[in-house]
Amino acid sequence: MIHHVMGVNGFYPLLMTLWLLPLAGAVLCWTFGPQLKQLAGWLGAATLGTSFVLTLLSWSAATQNSGGALGAHQSLLSWIPGFDFGLLLDPLSLIWTFIITGVGFLIHFYSIGYMHGDKAFARFFAYMNFFVFAMLTLVLSDNFVGLLVGWGLVGLASYFLIGFWFERPSAVAAARKAFVINVVGDVAIMFAIFVIFTKVGALGFGDVFANASQLGDWVFVVCVGLFIGAAAKSAQLPLHTWLPDAMEGPTPVSALIHAATMVTAGVYLIARCAPLWSVSSDAQMLVGTIGALTALVGAILGTAQWDIKRILAYSTMSQIGYMIMGVGVGAFEGGVAHFFTHAFFKAQLFLGSGLIIHALANEQDVRRMGGLMKKMPFAFVAMLTGVLAICGIPGFSGAFSKDAVIYGALAHGHPWLYAIGLITAGITAYYMFRMIFLTFFGSYRGDVDPSELGIRHPELAGTPAHDEHEPHEHDHAPAWIMAVPVGLLIVPTVFAGWLMFGEHSWWSQFFSAQFAPEHTVATPVSDVMTTVFAVAAVLAGFAIAYLRYGAPAAMEHAIERLRTETVRMPGALANALYFDAALDALFVRTSQLLGTLFGRLIDPLVIDGGVREVALSARWLGTLVRSFQTGLVRAYALILVIGVACFVAYYAIAGGVH
């Protein structure tokens, strides 16, 4: 088989350095944390900042196109035929690396202020740097094995960070849940890799994509295996339940997971494997459908949340669903574009929520907020900018990318996915503006007894509330450290989408050599009309949110209304459509029952019992044989006589018969 390599082979020291710098930062923070103390934060941020600069300096290498070889390829090692390992920086991985290092740097910088005073400050930045290294390993690998290694390391890093405050049982449970669900995806990808190697005989992207025809009908199986991994990592139905619980980690961790790293890995995997998805219409339909349903369900569940971080978590689930729908149906440019814009406005939203949580002594329940627009005008501007972008208000970044995904579904022959996309846009506007109205408008409700808001049982009125959120203490960190990254993110949150404006946009030209021309069908609706429909849906969602939470009449009786809404919340929404309960019944309790069965019955009675029976039988047989060894001559003579008598009797009977 001819060996195919993606990218122009060469020696790229900048690529190697930007990949390894976060690992070096993690090792230094972990090893010398007690000595570095607060300097660990600056060291961790500096490594990311340097990697970001090196990414920009590698731009020309990543976009070079020589004889059909696109990007830069750095060989690392060759083991046996089919097992060549290296790094690949092409336009697709460049965009991811740009976001991972750029947005990751801003989150690291923000964390210096947010985590100031935490007793495990250095350990936090060691984990954060390791997280970024794991994600870079995933997106820069030129083969499926390297991708799987990065995939697993990302899951491990998320386990460390979600359970960072391991003294809290809820954080430990959330970390374990995220890790276990992601391992399910890891195993699925591993089986897909087995099939690929069996059929193609190689694992490099270049070899696999060039010989994709050898997969035959197995290409759908491979795509399903890869997508299960993507669904677990990117919180797609039904493997999404770990994502809201992951809010147990510090707010910067949530920002890094949602905006720059973990949950976008599934989008990258499908986009990277575009040559496989392009030849399997069944895989396109499956992935597009699950992505659309995830977008819809995530938006619906977002309407029932009170924790500001959980509202944003379900918005991530919904927006990633948009991305998966886009790349799933073949609208790769649109799906990747939404990843790009989402990284900015989602980081903006999480870091903005962190400003609020930080200022309110770790309060996260929007029912106990209100009236913060005057007290925190900068946080209001930051959050409102992010909300306008995620809702797709024309002119803001999210409008360009989300409309591209929605229209892409229609252009690829999926009108019902198109309809779901529009409906989801309206629901998104409703729950995001619900968050804005509850947080920033009306009067402040933080001094109201939680029982009056429906947060606790009325019998607990007047008793101290137990605070379970973000237990660390923040020790007078300079405010500008947290404000600067949030302020910088406002710029791309507003303007990044303009890179996608026009039929021959910069974005289309950037990816012209990355993805094959998309095969679209004639549509009854233009992309301009799609924007009109999307804006109409957004305005409808905004209007409903305003009438329920922002109108003067609604704010006048806010406390009574919030208590009533909390108490009367439909059980299906309050319990997240019972996905957790279903997974618990189907897998967790089943595993526990099997463990109990094996632990109390199979293992002690069958397995151990069988071993014991062998020992008892050997002992009984030994006792029986030993009973013949008496040491008395008359006993041995009697045995001989009995033996001879038996022989005589046998032959006498046998002769008589004959």
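This is a predicted model, so every value here is computed, not measured.

Student: Would you explain the nonpolar core in this entry?
Tutor: Soluble globular proteins: nonpolar side chains tend toward being buried together. Core analysis: the biggest nonpolar cluster contains 206 residues, and Trp96, Leu226, Trp242, Leu276, Trp277, Ile356 and Met432 have the highest contact counts within it. Looking at which element gives the most residues to this core, the answer is helix 6 (residues 121–140), with 17 residues.

Student: Is there a simple way to think about the packing of helix 15 (residues 281–302) against helix 21 (residues 415–440) in this case?
Tutor: The angle between the axes and the distance between the axes are what describe a pair of packed helices. Their axes nearest at 8 Å, the elements helix 15 and helix 21 cross at an angle of 25 degrees. The pairing of helix 15 with helix 21 is recorded here as roughly parallel in orientation. Judged by the twist between their axes, the crossing of helix 15 over helix 21 is left-handed. Residues Gly288, Thr289, Ala292, Leu293, Ala295, Leu296, Ala299, Ile300 and Gly302 of helix 15 touch helix 21, and the partners they reach there are Trp416, Leu417, Ile420, Ile423, Thr424, Ile427, Thr428, Tyr431 and Arg434. Of the residues in the contact of helix 15 with helix 21, the class split is 12 nonpolar, 5 polar and 1 charged.

Student: I'm lost on unusual backbone geometry in this one. Help?
Tutor: For residues other than glycine, phi is negative in most cases, and the peptide bonds are mostly trans. The omega angle of the peptide bond from Leu237 to Pro238 is -5 degrees, so this bond is cis rather than trans. The residue Pro238 is located in the loop between helix 10 (218–233) and helix 11 (242–245) in this model. Positive phi values are uncommon outside glycine, yet Ala361 reaches one of about 55 degrees. Summarising the element assignment, Ala361 is placed in the loop between helix 17 (332–359) and helix 18 (372–375). In this structure Ala361 comes out as exposed when scored by relative accessible area, which is 58%. For Asn362, which is not glycine, the phi torsion reads 75 degrees and is therefore positive.

Student: In this structure, what is going on with the domain arrangement of the chain? I would like to understand it.
Tutor: When the parts of a complex come together, some accessible area is lost, and that lost area is often used as the size of the interface. Domains assigned within the chain are domain 1 (8–574) and domain 2 (600–657). Relative placement of domain 1 and domain 2: their C-alpha centres are 74 Å apart.

Student: Just checking my understanding: could you explain the pattern of salt bridges for this structure?
Tutor: Here the idea is simple: oppositely charged side chains can pair when their charged atoms come close. Taken as a whole, this structure holds 10 salt bridges when the rule is applied. Arg367 is paired through a salt bridge with Asp365; the nearest N and O atoms lie 2.7 Å apart. Note on Arg367: relative accessible area 7%, which makes it buried. The exposure class assigned to Asp365 is buried, which follows from its relative accessible area of 11%. Via salt bridges that share partners, Lys177, Asp245, Arg310 and Asp580 belong to a single interconnected network.

Student: Quick question: what am I supposed to make of the sheet that holds strand 4 (residues 72–78) here?
Tutor: The strands making up a sheet are joined through hydrogen bonds of the backbone, oriented either antiparallel or parallel. Strand order in the open sheet formed by 3 strands is 1-4-5, with mixed pairing between adjacent strands. For this open sheet the edge positions go to strand 1 (8–9) and strand 5 (84–89), each flanked by a neighbour on one side alone. Direction of pairing for strand 4 relative to strand 5: antiparallel, over a ladder of 6 bridges. Directly across from Ser75, in strand 5, lies its bridge partner Gly86.

Definitions and cut-offs
Residues numbered from 1 in each chain as written. Predicted model: local features only at pLDDT ≥ 70, side-chain atom pairs only at ≥ 80, totals over all residues. Heavy atoms only, no water. Core = buried A, V, L, I, M, F, W, Y, C linked by side-chain atoms within 4.5 Å. Buried < 20%, exposed > 50% of the residue type's maximum accessible area, 1.4 Å probe, protein only. Helix = DSSP H or I, 4+ residues; strand = E, 2+ residues; numbered from the N terminus. Axes fitted to C-alpha atoms, helices over the stretch in contact; angles between N-to-C directions. Parallel < 35°, antiparallel > 145°, perpendicular 65-115°, else oblique. Left-handed = near helix turned anticlockwise from the far one by under 90°. Contact = heavy atoms within 4.5 Å. Nonpolar A, V, L, I, M, F, W, Y, C, P; charged D, E, K, R; others polar. Domains from an automatic or database assignment. Salt bridge = Lys/Arg side-chain N within 4 Å of Asp/Glu carboxyl O. Pairing = 2+ DSSP bridges.

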